[in-house]
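Structural characterization, general
Chain residues, written in single-letter form:
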Amino acid sequence: MIYENLFYSILCGILAFGYYKTHKWWREGRDENPFFYKLDTNIGTFKDWVIIIALVITSIIFFFKSF
């Protein structure tokens, strides 16, 4: 077992979870305030989900590389 890749896998998983929580907090603040444009919120949401999915996929890849 390659512990360095396992460490990267766990780290990417934690980052994905933290980024998801940050995105959720950001989205709640944007939805409550009518000052923000709907299009900017949708583009930001798409960007955040791309980053979250990339972190999850990277975490899975590093997990399988650790064996």
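Whatever comes next refers back to the structure up there.
Just so it is clear, the structure is predicted and the values come from calculations on it, not from any experiment. (Residues numbered from 1 in each chain as written. Predicted model: local features only at pLDDT ≥ 70, side-chain atom pairs only at ≥ 80, totals over all residues. Heavy atoms only, no water.)

A cluster of nonpolar residues, M1, Y3, V56, I60, F63, F64 and F67, forms a patch on the protein surface that exposes about 810 Å² of accessible area. Broken down by element, the nonpolar patch gets its largest block of residues, four residues, from helix α2 (residues 38-65). One can find F67 in the segment after α2. Taking relative accessible area as the criterion, F67 reaches 62% and is therefore assigned exposed. (Patch = residues over 30% accessible without salt bridge, like charges linked within 9 Å, V, L, I, M, F, W, Y side chains within 5 Å. Areas by Shrake-Rupley, 256 points an atom, 1.4 Å probe, with all protein chains shown as cover. Salt bridge = Lys/Arg side-chain N within 4 Å of Asp/Glu carboxyl O. Helix = DSSP H or I, 4+ residues; strand = E, 2+ residues; numbered from the N terminus. Buried < 20%, exposed > 50% of the residue type's maximum accessible area, 1.4 Å probe, protein only.)

Time to look at the side chain of H23. For H23, the location among the structural elements is in helix α1 (residues 3-32). Dropping the residues within four chain positions of it, H23 is found in contact with T45, D48 and W49. (Contact = heavy atoms within 4.5 Å.)

What follows covers the packing of aromatic side chains. Scanning the model with the defined rule gives five aromatic pairs in all. Pairing Y20 with W49 gives two aromatic rings, centres 5.9 Å apart and planes at 55°, and the pair type is tilted. Taken together, the residues span a long stretch of sequence, with Y20 in helix α1 and W49 in helix α2 at a distance of 29 residues. Since its relative accessible area comes to 37%, W49 is described here as partly exposed. Relative to F67, the ring of F63 lies with its centre 5.2 Å away and its plane at 90°, an arrangement referred to as edge-to-face. (Phe/Tyr/Trp six-rings, centres within 6.5 Å; stacked < 30°, edge-to-face > 60°.)

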